[in-house]
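The primary structure of each chain is shown beneath.
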Amino acid sequence: MHAETAEITDGKKAAPARPGIRETFVRAAGAAVAALEQLAGGLGTAVVALAVLLWLVLAAVTVPLGVGLLMAPRALRALHSLADRERDRLGRWGPEVIGPGPAPTRLRLALVDTTTRRELRWLVRHATLGLLLGMFGVLLPLMAVRDSLFPAYWWLIPKDASSTSIGFGPAQSWADALAVALLGLGWIAIIVGLTPGMARLQAAPGRRLLSAGPDVDLSLRVAELTATRAAALDAHATELRRIERSLHDGTQNRIVTVTVLLGAARRMVARDPAGADELLERAQGAAEQALAELRTVARGILPPVLADRGLEGALSGLAANCAVPCRTDVEAPERCAASVEATAYFVVAEALTNIAKHSGAQEASVTVRSRGGQLCLTVTDDGRGGADEGGGSGLTGIRGRVAAHDGSLSLTSPQGGPTTLEVELPCGS
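Here is a short report on the structure shown in this document. (Residues numbered from 1 in each chain as written. Predicted model: local features only at pLDDT ≥ 70, side-chain atom pairs only at ≥ 80, totals over all residues. Heavy atoms only, no water.)

1. Here we look at the nonpolar core
Then comes step 1: Counting residues in each nonpolar core, the largest one holds 38 residues, and the members touching the most others are Leu-352 and Leu-375.
Then comes step 2: For this core, the secondary-structure elements that each account for two or more residues are α8 (304–321), β4 (326–331), α9 (338–359), β5 (364–371), β6 (374–381), α10 (395–404) and β8 (419–426).
Then comes step 3: Of the residues forming this core, the biggest block, eleven residues, is contributed by α9.
Then comes step 4: With residues near it in sequence (within four places) discarded, Leu-352 still touches Leu-318, Ala-319, Cys-322, Cys-326, Val-366 and Val-379. (Core = buried A, V, L, I, M, F, W, Y, C linked by side-chain atoms within 4.5 Å. Buried < 20%, exposed > 50% of the residue type's maximum accessible area, 1.4 Å probe, protein only. Helix = DSSP H or I, 4+ residues; strand = E, 2+ residues; numbered from the N terminus. Contact = heavy atoms within 4.5 Å.)

This is the structure in structure tokens:
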């Protein structure tokens, strides 16, 4: 499999092209800004986590005095509330973190409760490593701005003050000031290169420990599968309504028109052959339009291009017909279930339609990988960002299709872009 650029140029597909330096920088900068936002948000919960951790330690120490027994229920409620808040925060920046049922707040039950133990392990990690990473996420931009702009104000600061954000000696000349500015550029490079990984490292304990563990009561999984089944039924009903509407409003009306024109032509053929011939020509045109609409409806049910060319060829065709130049990179050596490939096709089709209509993007890309029994789709664009699932852009429909396969969807779209839609689908379902 290989990457290819699909772009309409004089009716032909342009030669493959790699992303330009500007596009690469914009994407890296957008990812860094999103990572800084995540780290700053994580700092907020980490500060609270440190306070809750100290509260729990104080309660544990004072248990022999009886004071800890009174403090423990409130401290445990604070722990569970903070864990729920962190699940919500992580869900805004990636796949939803589904927690177990309500955890106990009575001390004796909490000591043997698996959920409470996992939340305590997360609390320790988030109040230490998460707090440290969040502080870096806040300080790095300040240090970068301070040092990068140092040549603009270095002569205004006291001569005995440090010239850099890390405490080096005072600047004595323009050369010293420019050296500080280079340090500021180094901070920017660190932000662009490292903060996405720092954000993932900060979120990892929460995603691992705050989600439902393997030994959680199966009622949670039953509830999740019930919601998934409801989503599948809703998606099926929506698709049936779409097909019925397309047939009723389009194809059926065309066929009725053909029938009326043929009847009128049959009555006119003896007395006005020229008029009858004109009516027959109009009837033929209406029949051709009805046939074209019927083919469109049939392709919307299960695109034949999936069976003929596979997922890679089908997505290349979508990219070629997209109004925004789109690059595809598909590495899926094994075929998935037909329903999964069809869902992947419709997800990409809807995403590219949204990009063409709403994003103002100059370029888009579709990446597909098959690993660990999962089909992973990533659709990105360099548009204005700010995509909102509740804004009627079709994202709700995409989520419904994905949920029907027990898959996951995450959307990252900060103001100013870029927008990244990530979907994971089980290959065999």
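2. Notes on empty space enclosed by the protein
Then comes step 1: Under the criterion given, the structure shown has one cavity of 30 Å³ or more.
Then comes step 2: Roughly 30 Å³ of volume is contained in the largest cavity.
Then comes step 3: Lining the largest cavity, in full, are Arg-125, His-126, Leu-129, Gly-130, Leu-201, Gln-202 and Pro-205.
Then comes step 4: Residue assignment for the lining of the largest cavity shows that the elements contributing at least two residues are α4 (114–148) and α5 (174–209).
Then comes step 5: It is α4 that contributes the most residues to the lining of the largest cavity, four residues altogether.
Then comes step 6: For the lining of the largest cavity, the per-class residue count stands at three nonpolar, three polar and one charged. (1 Å grid on protein atoms, 1.4 Å probe; cavity = no way out; pocket = protein on both sides within 12 Å on 5 of 7 lines; lining within 4 Å. Points joined across faces, edges and corners; volume = space filled by probe spheres on them. Nonpolar A, V, L, I, M, F, W, Y, C, P; charged D, E, K, R; others polar.)

3. Points about the layout of surface pockets
The method is simple in principle: a probe with the dimensions of a water molecule rolls over the atoms, and the space it marks as empty is what remains.
Then comes step 1: Put simply, the second largest pocket is a space of about 900 Å³.
Then comes step 2: Lining the second largest pocket are 34 residues, and of these Trp-93, Arg-200, Thr-412, Thr-420 and Glu-422 lie nearest its centre.
Then comes step 3: For the lining of the second largest pocket, the elements supplying multiple residues, two or more each, are α1 (21–61), α2 (67–92), α5, β5, β6, β7 (408–412) and β8.
Then comes step 4: Residues that form the lining of the second largest pocket fall into these classes: 15 nonpolar, eleven polar and eight charged.

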